[in-house]
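Read off the chains here:
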Amino acid sequence: LDTYEILKSKRAKIQLICAGDATDKKLVKRALDLGVRYLGTMGREDLPKLYQSAHLFVFPSTTETLGQVVLESLACQTPTLVSTIGGPAGILKTLPKSCGIALEAKSPNLWSDTIITMLQNPPSKIDLIDFSIQKSIQDFIEVHKRVLGR
């Protein structure tokens with residue numbers, strides 16, 4: 001939300017939309033006070049349309065190990081920003097830079113500048129086609145096989 005506050009202070013024409021469970025009531029109140037549109041929990045059948053309608057998927061989590069929502073976003077050809085901490089950064093390392101960028105988690109100014117840059121210069125859908133969820137899953141399995149020594 002710090003990044004969104006910075007974007008609003010720069011008068012960026014942007015709307016933050018959040019979906020999913022919200023357990024931190026203070027955080028939800030702050031988000032709503034900032035004008036965040038909160039959709040709550042959504043059905044699986046509704047998620048592709050949500051991802052496809054987004055200009056950018058921003059996922060600053062530092063605790064995700066796999067980052068299924070990042071895979072889903074990329075499968076819907078939505079460019080993605082993630083934290084350098086956690087599994088989603090590893091997903092982006094295997095993809096063309098146009099698919100997404102990993103940023104330092106505690107740098108809201110960097111996140112806001114990057115969001116503005118990506119929205120002003122969006123990658124083409126053709127650039128995003130290089131992502132394959134099947135290849136990503138296969139890479140995930142191969143890494144685990146190497147770790148297990150198989």
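Keep in mind the model is a prediction, meaning the values are calculated, not measured.

Draft legend 1. The pairing of strand β4 (residues 80-83), seen in detail. Taking every second residue as pointing to the same face, both faces of β4 are buried, with T80 and V82 on one and L81 and S83 on the other. The pairing of strand β3 (residues 57-59) with β4 spans three bridges and is parallel. Paired with F57 across the bridge in β4 is T80. Note on the crossover from β3 through helix α4 (residues 68-75) to β4: the handedness is right-handed. With four bridges connecting them, β4 and strand β5 (residues 100-103) associate as parallel partners. Following the sheet pairing, S83 is matched in β5 by L103. Taken together, β4, helix α5 (residues 87-93) and β5 constitute a β-α-β crossover, and its handedness is right-handed.

Draft legend 2. Structural detail: the environment of A75. Mapped onto the elements of the fold, A75 is located in helix α4. Taking the C-alpha atoms as reference points, A75 and P48, separated by 27 residues in sequence, lie 8.7 Å from one another.

Draft legend 3. Seen up close, the packing of helix α1 (residues 2-9) against helix α6 (residues 108-120). α6 packs onto α1 with a crossing angle of 55° between their chain directions and a minimal axis gap of 8 Å. Here α1 is positioned oblique relative to α6, judged by the angle of their axes. Regarding α1 and α6, the two cross each other, and that crossing is right-handed. Taken together, the residues of α6 that come into contact with α1 (itself represented by D2, T3, I6 and L7) are P108, N109, W111, S112, I115 and I116. Of the residues contributing to the contact of α1 with α6, the split by class is six nonpolar, three polar and one charged.

Criteria and cut-off values
- Residues numbered from 1 in each chain as written.
- Predicted model: local features only at pLDDT ≥ 70, side-chain atom pairs only at ≥ 80, totals over all residues.
- Heavy atoms only, no water.
- Buried < 20%, exposed > 50% of the residue type's maximum accessible area, 1.4 Å probe, protein only.
- Helix = DSSP H or I, 4+ residues; strand = E, 2+ residues; numbered from the N terminus.
- Pairing = 2+ DSSP bridges.
- Right-handed = clockwise from strand over helix to strand, strands pointing away.
- Axes fitted to C-alpha atoms, helices over the stretch in contact; angles between N-to-C directions.
- Parallel < 35°, antiparallel > 145°, perpendicular 65-115°, else oblique.
- Left-handed = near helix turned anticlockwise from the far one by under 90°.
- Contact = heavy atoms within 4.5 Å.
- Nonpolar A, V, L, I, M, F, W, Y, C, P; charged D, E, K, R; others polar.

These figures come from the coordinates and say nothing about function on their own.
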